[in-house]
Each structure stands twice: as C-alpha cells, then as structure tokens.
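# An overview of the molecular structure
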Amino acid sequence: MAERISDAEHAVMEVLWDESPLTAQDVAERIPDTREWSANTVKTLLGRLLAKSIIAHEQDGRRYLYRPLVKREDYVAGESRKLMDRLFGGRLSPLVAHLADRDALTAQDIAEIEALLKELKA
C-alpha cells in the first residue's frame with residue numbers, strides 16, 4: 001500500500017474490515033458515536049479511500065457498496081514495518097527493549113513473547 005491512511009480513514013477501514021460490502025449509510029451507522037460524524041463526512045472519507053485505491057465500490061441500484069482492497073493483516077504488517085524502520089532501524093529487538101524499559105510489557109505480554117520465540121525456534 002503506497003499511500004498512508006489518516007486516523008479518520010482508518011476508522012472507516014475498521015468498519016469495512018469487520019463487514020463488507022456496505023453502503024455509505026451502513027458504514028456511518030457502524031462508526032463509533034464518539035466520532036460524531038455525519039453521513040457526509042463518511043462519504044468524504046470513502047471518496048478519499050477510493051482515490052487511494054484502498055477500497056472499491058460497485059453500484060447496487062441507486063447506491064454503492066464499498067469493500068476493502070487491502071486486507072487488515074497486510075495493512076498492519078506494512079504499518080508495523082514502517083514504525084520499526086522509522087524509529088528502530090528496522091529491528092524488532094530495540095522496539096521490545098523500549099517497551100520493556102517503559103514498563104509497557106505486562107507479565108502476560110512477556111509470556112506471549114516467550115511462547116512466540118519458543119515457537120519460532122522449533
């Protein structure tokens with residue numbers, strides 16, 4: 001995915017990743033109320049995502065149905081890679097060390113990391 005998406009566009013994508021295809025009105029109804037967005041705001045964001053080729057739409061009578069072209073897993077992988085490249089020289093261990101230094105890792109986090117490492121070594 002060449003173009004980045006804004007936080008607002010990401011909120012729309014989360015809705016479409018959860019369920020699609022959806023109309024603009026369906027998307028607007030599924031956006032958390034805390035956003036206080038109108039249907040027109042959602043339509044604007046859908047238009048931006050269409051222009052970036054991150055979603056597609058097809059006509060269904062007098063309305064459009066929207067669906068993601070980018071899988072959530074692919075988006076997360078790309079954003080994670082960009083974060084590691086930009087802040088940690090592309091390396092995972094400095095990121096984990098940073099989180100550990102900031103007491104951001106719970107005992108459960110550490111156990112999950114240990115299990116993942118054990119699995120990777122096997």
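Preceding block: the structure.
An account of the accompanying structure is given in this report. Keep in mind it's a predicted model, so treat the numbers as computed, not measured. (Residues numbered from 1 in each chain as written. Predicted model: local features only at pLDDT ≥ 70, side-chain atom pairs only at ≥ 80, totals over all residues. Heavy atoms only, no water.)

## Digging into helix α3 (residues 39-51)
Here is the rule: Helix and strand definitions here come from DSSP, where helices need a minimum of 4 consecutive H or I residues and strands a minimum of 2 consecutive E residues; each element is numbered from the N-terminal end. Here, expected helix span is obtained from the residue count minus one, scaled by 1.5 Å. Whether two residues are in contact is decided by their heavy atoms, any of which lying within 4.5 Å being enough.
When the terminal C-alpha atoms of α3 are compared, their 18 Å separation across 13 residues agrees well with the 18 Å that a helix rising 1.5 Å per residue should span. On its buried face, α3 sits against α1 (7-18), α2 (24-30), β1 (55-60) and β2 (63-68). S53 occupies a position one or two residues after α3 and carries a positive phi of about 60°.

## A look at the pattern of salt bridges
Quick note on the threshold: We count a salt bridge whenever a side-chain nitrogen from Lys or Arg sits within 4 Å of a carboxyl oxygen from Asp or Glu. Categorising residues by exposure relies on relative accessible area from a 1.4 Å probe, with only protein chains included: less than 20% of the type maximum marks a residue as buried, more than 50% marks it as exposed, and the intermediate range marks it as partly exposed.
All chains considered together, the criterion is met by 8 salt bridges. One salt bridge in this structure joins E58 and R67, with 4.0 Å as the shortest N-O distance. For D85, the salt bridge is made with R81, and the minimal N-O distance between the two is 3.3 Å. Here R81 and D85 lie together in helix α4 (residues 72-88), a separation of 4 residues that amounts to about one turn. Owing to a relative accessible area of 42%, D85 belongs among the partly exposed residues under this scheme. By relative accessible area, which is 40% here, R81 ends up partly exposed.

Without other data, these values stay purely geometric and don't point to any function.
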